[in-house]
Amino acid sequence: MSDKNIRLLYIFIAILLGINNVFIRFKIAGISYDRLLEFLLFFIFIKPYIYELRTNRFFRKWNVFIFTFGLLQLIMNLRLAISGDFEFEFVYTLFIKNISFIVYSYLFYKIVKSNLLYVDVILTVHLIILMFAFLQHPLSPISSQMTDIKRVLYDHVDSEGLDETISMEATYASSPKFADRFRLAGPFSSTISFSYFALSSFFLALYMYHRRLQKRYIVFLVLLFIASVLSQTRSLLLAEVFIVGAYFFFAPTRKHALYKFAIISSIGVLMAIILVNDNFGNVGNSRVTKLNAEGQTDSRPYLWVTGLYTVIKHPFGITSEDYQQARKEMFYYFGRTEVLYLATHHGLINIGFHYTILGYVLFYFFVFFLVRNINLLKPKYSLIFKLFLFSYFIHISFHNDFIFNADYPILMVLVLIYLHRYHEHGESQISNIEKKLNF
């Protein structure tokens, strides 16, 4: 294959990675077209994949961790299926999903190892997604038309509450006076899905800014930040503010352009809040300007305790009946009806639901593995990746999805830990450093 064809193929792969979780309507045997294409490309590159497994320590351990998580889940689900508490169909579909994490992360590893340019291609796709989201907002003159396009994207998708969500978006999009109630989701099925996309995209853009110091990344970060405000997802805003604020506080070198970014972002937040609350609706309706639902305390701590109680009570596999029984017991103890029907809303606690209590031990070693590799980077980049990791934990501590469950984009950020070292030092020098450190 010629160099030109390889570049075109890599651009196509970058586009596939960028549109993750957008075209979920188009499926074969429950797998979306883009994921099937990723599997096909993975098998095309199976020989270089095996070579990387044999020669690259980081990549080999990365694969071992993902596969071990999948194996833990497979054993748990098989046990539940044999006892009649779990459908056998989900046993293998969830295992295939786990393999798809390997596929997704390898394709990113493959193209970005050849050139960082392909991160820019992914960010370009993300920019198009952002534009879709902004044009869908009630303040946009074509918001209704964009909502119609979103209906087409999710037509015949069997998802609980999705039709109601899109209908609500259509109602809000029909008039600017509902701008304070509208939560930006773009082409994704929910605002929460958008928030996972936005956070990983924020990571990638901030990393690329530090690599190239180009203002276009600052512009992209500002747009992402404004979109995060309009999504009214407080955990996402908290994670993004933490990254920028902590970097200013701890950074060994401080760049003037980043101060500009902080100032512009702050202005953008204030403007968005003013537009949403003062000009187009009731101040009290925006989630950004209040911590809890009006007249109520936050139910999440009770959901977290209920989740932990369930894992402790059933450490090696939780059925829906087990969870419901634990919920009833917690309802009688707390008197909070939310625990009867809401999930844990804590990605880290959910590890016990998906991988048994042993999943917490494995996850600890996985984080240790990441931090150990991060510590090999230069101080500036070591700080950046540690902030990325910590801010991600902030975000998933308020939602149900987490890495190796449903969040694909974060895999790109974590694989960048090694790819950054590769582009700075090359494989031979990395190998020598690791040998000296008995890595």
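Shown above is the structure to which this text applies.
Residues numbered from 1 in each chain as written. Predicted model: local features only at pLDDT ≥ 70, side-chain atom pairs only at ≥ 80, totals over all residues. Heavy atoms only, no water.

Visitor: Run through the packing of aromatic side chains, naming residues and quoting values.
Guide: Following the criterion strictly, the structure yields 44 aromatic pairs and no others. Ring centres 5.0 Å apart and planes at 70° place the aromatic pair Tyr323 and Phe353 in the edge-to-face group. Placement of the pair is Tyr323 in helix 14 (residues 320-334) and Phe353 in helix 15 (residues 351-355), with a sequence separation of 30 residues. Assigned by exposure class, Tyr323 and Phe353 land together as buried. (Phe/Tyr/Trp six-rings, centres within 6.5 Å; stacked < 30°, edge-to-face > 60°. Helix = DSSP H or I, 4+ residues; strand = E, 2+ residues; numbered from the N terminus. Buried < 20%, exposed > 50% of the residue type's maximum accessible area, 1.4 Å probe, protein only.)

Visitor: Tell me what's going on with the nonpolar core, and back it up with residues and numbers.
Guide: Among the nonpolar cores identified, the biggest contains 112 residues, and Trp62, Phe108 and Phe366 are the most heavily contacted of them. With 13 residues, helix 9 (residues 191-212) is the largest single contributor of residues to this core. In this structure, Trp62 is in contact with Ser105, Phe366, Phe369, Leu370, Leu411, Leu414 and Val415, ignoring residues within four places of it in sequence. Within the second largest apolar cluster, five residues are counted, among which are Val311, Ile318, Tyr323 and Phe353. (Core = buried A, V, L, I, M, F, W, Y, C linked by side-chain atoms within 4.5 Å. Contact = heavy atoms within 4.5 Å.)

Visitor: Tell me about the pattern of salt bridges, residues and numbers included.
Guide: Taken as a whole and judged by the stated rule, the model has seven salt bridges. Asp120 is paired through a salt bridge with Arg212; the nearest N and O atoms lie 2.3 Å apart. Taken as a pair, Asp120 in helix 6 (residues 117-136) and Arg212 in helix 9 lie far apart in primary sequence, 92 residues in all. The exposure class assigned to Asp120 is buried, which follows from its relative accessible area of 8%. Glu329 serves as the salt-bridge partner of Lys313, at 2.5 Å between the closest nitrogen and oxygen. Pair noted here: Lys313 is in helix 13 (residues 300-313) and Glu329 is in helix 14, with a separation of 16 residues, a long-range link. (Salt bridge = Lys/Arg side-chain N within 4 Å of Asp/Glu carboxyl O.)

Visitor: An account of a nonpolar patch on the surface is requested, with residue identities and associated values reported.
Guide: Taken together, Phe12, Leu37, Leu40 and Ile44 make up a surface patch of nonpolar side chains, about 360 Å² in accessible area. Take the nonpolar patch: its biggest share by element is three residues, from helix 2 (residues 33-44). Secondary-structure assignment places Phe12 in helix 1 (residues 3-18). (Patch = residues over 30% accessible without salt bridge, like charges linked within 9 Å, V, L, I, M, F, W, Y side chains within 5 Å. Areas by Shrake-Rupley, 256 points an atom, 1.4 Å probe, with all protein chains shown as cover.)

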